[in-house]
Each structure stands twice: as C-alpha cells, then as structure tokens.
Amino acid sequence: AQSVTQLGSHVSVSEGALVLLRCNYSSSVPPYLFWYVQYPNQGLQLLLKYTSAATLVKGINGFEAEFKKSETSFHLTKPSAHMSDAAEYFCAVSAMDTGRRALTFGSGTRLQVQP
Amino acid sequence: NAGVTQTPKFRILKIGQSMTLQCAQDMNHNYMYWYRQDPGMGLKLIYYSVGAGITDKGEVPNGYNVSRSTTEDFPLRLELAAPSQTSVYFCASSLNPDGYGYTFGSGTRLTVV
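This text gives an overview of the structure that appears in the document. Counting of residues starts from 1 at the beginning of each chain's written sequence and follows it residue by residue. As a convention, the first chain written is A and the first ligand written is 1, with the rest following in written order. It should be noted that, the model being predicted, local features are given only for residues of pLDDT at least 70 and side-chain atom pairs only at 80 or more, the latter also being counted only at that level, while totals for whole chains, interfaces and linings use all residues. To obtain the side-chain values, all non-hydrogen atoms of the structure were used and water was disregarded.

Our next topic: the interface of chain B and chain A. Only heavy atoms matter for contacts: two residues are in contact if any of them lie within 4.5 Å across the pair. The interface of chain B with chain A comprises 25 residues on the first partner and 22 residues on the second. Taken over both partners, the interface formed by chain B and chain A buries close to 1,800 Å², and the fraction arising from carbon and sulfur atoms is 51%. Between Lys or Arg on one side and Asp or Glu on the other, a salt bridge is scored when a side-chain nitrogen of the former is within 4 Å of a carboxyl oxygen of the latter. Counting across the interface, chain B meets chain A through zero salt bridges. Two N or O atoms count as a polar contact when they lie within 3.5 Å, although within protein this holds only if one can serve as hydrogen donor and the other as acceptor, and sequence-adjacent residues are included solely when both atoms are side-chain atoms. Counting across the interface, chain B meets chain A through seven residue pairs in polar contact (both at pLDDT 80 or more). Starting at the N terminus, helices and strands are each numbered in turn, a helix being any DSSP run of H or I of at least four residues and a strand any DSSP run of E of at least two. Among the elements of the structure, strand E4 (31-38) and strand E5 (42-51) of chain B are those that each provide at least two residues to the side of chain B that touches chain A. Residues are sorted three ways: Asp, Glu, Lys and Arg are charged, Ala, Val, Leu, Ile, Met, Phe, Trp, Tyr, Cys and Pro are nonpolar, and all the rest, Gly among them, are polar. The class makeup of the residues in the side of chain B that touches chain A is twelve nonpolar, nine polar and four charged. Two parts placed together each lose some accessible area under a 1.4 Å probe, and adding up what both lose gives the buried area.

What follows is the structure in structure tokens.
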C-alpha cells in the first residue's frame, strides 16, 4: 500500500533563505504525487502535482518539486522564502496498487519564516 | 464559482448526540471524500464515493456513515458522538484524483464535550 513520510514536522527559515521540505513515498506502482498548502483556519490548496510527465514540476508561488524515483522522493523547494509562505505543507500520493481512488497524505510540515 | 461548500463551520456536540456534516460541490465531480485532520497526524480518509449511489470505507470509518444520492452532495453522519471525534473535517471532490488532485472545502471544526 502507498504511504508518505514527511521528514520534519516543523521547519524554520529566515526570509530570503532556501525552503526545503522533504517528502518520501512508498508505492509498488508509479505514483502520482502532490503538494498542498494549508494557511491557518483554511482548507488545503494545491501547490503542484507530478503526473509522470516532467520530473521537475513547477507550482504556484515560486515553489517547485523534483520527482526522484531512485530515492522515492518528491521534495518541495523554493529559492527564497517570503513571510507569506508561513503555512502547513502536506505531501500526498495517489497510487493504483490499493484499488482505492484516493490520496494518502503525509503528517504535514509547518513552515515558519523568520524576519 | 462556489467549488466545495461545507456547513457548518463550527459545531459543539455533547457526547451521544448525532449530527450531519454537509458537503456540496458544483463542479460535477464524480469523486468525493471525507477526511479528518488531527494535529500532527495529517489527514485520514473516513469515507469516499466514486459516483452517485457508490460509497466505500476509508482508513477510519468507525462511528461515521455517508450517503451519496446525488452527484453534488455527500453528507457525513456522526452517530453517538464521542470525544475521539473531536477534529477538523474536510470534504473534497475531484474530477480524477490521479491527474487532478482534489478541491477542498474550508472545513468543519467539531468539538465533542
């Protein structure tokens, strides 16, 4: 069955610094992978998705993620953090090996941006 | 352009009471989902539906029930509320979960006391 592991429940960076949020997945079949962002007291918004086209995926707000099959990873990056990036980020995987047409989410990483 | 609408936004229930969380989408999506979000635990799938009249259990279905009589609506029923059901509940819909991901509602914060 598919699963997602997000390393680091809290990440703190300075404004202007590189953002790196880690996600590793487990799946017996080629996965579809997603990053979502959740601002306080809101629902989740799609940042970007990997659907087996390009391995480097660009999303909204300057974020991007690279699919690395050999490392079973889909880490989220942004070259320069902005205060408005402070939020919780979730990695999710959809894979057909379970027969369930649903996303499995990681436990989330809360990003704090220091001025 | 409403997307996914959840009601109510907040609710306090007493132990043993019942309630229905409403979810409606206007995008003609076949797939609909209910998740619960607990601190540090991510989102756990409660129930999902692949179309009107078809529902199936997710990871944590105990204490909940769903129905899907129309494409638009996917209500979640809590019977005999327990403190363990205190959580934030999210409804989501999708045209195709593999290629498109989900559109989420804004959530319902439920407290059982």
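Cis geometry is found at the peptide bond from Thr7(B) to Pro8(B), where omega equals -5 degrees. Among the structural elements, Pro8(B) can be located in the loop between strand E1 (4-7) and strand E2 (10-13). With a phi close to 60 degrees, Asn61(A) is a non-glycine residue in the positive phi region. The residue Asn61(A) is located in the loop between strand E6 (56-58) and strand E7 (64-68) in this model.

Residue and element names in this part refer to chain A. We define a nonpolar core as any set of buried Ala, Val, Leu, Ile, Met, Phe, Trp, Tyr and Cys residues linked to one another through side-chain atoms lying within 4.5 Å. Summary of the burial criterion: residues with accessible area below 20% of their type's maximum are buried, those above 50% are exposed, and those between are partly exposed, where the area comes from a 1.4 Å probe applied to protein chains only. Among the nonpolar cores identified, the biggest contains 27 residues, and Trp35, Leu48, Phe74, Leu76 and Tyr89 are the most heavily contacted of them. When residues of this core are traced back to their parent elements, those giving at least two are strand E2 (10-14), strand E3 (19-26), strand E4 (32-38), strand E5 (44-50), E7, strand E8 (73-78), strand E9 (87-94) and strand E11 (109-114). If sequence neighbours within four positions are ignored, Tyr89 has contacts with Gln6, Leu21, Trp35, Tyr36, Val37, Leu47, Phe63, Leu76, Gly108, Thr109 and Leu111.

Here we take up the environment of Pro97(B). By the secondary structure assignment, Pro97(B) is in the loop between strand E9 (87-94) and strand E10 (103-104). The exposure class of Pro97(B) is buried, given its relative accessible area of 0%. Non-local contacts of Pro97(B), meaning those with residues more than four positions away in its chain, are made with Phe34(A), Ser94(A), Arg101(A), Leu103(A), Tyr31(B), Tyr33(B) and Tyr102(B).

Function-wise, these values are silent; they only describe arrangement.
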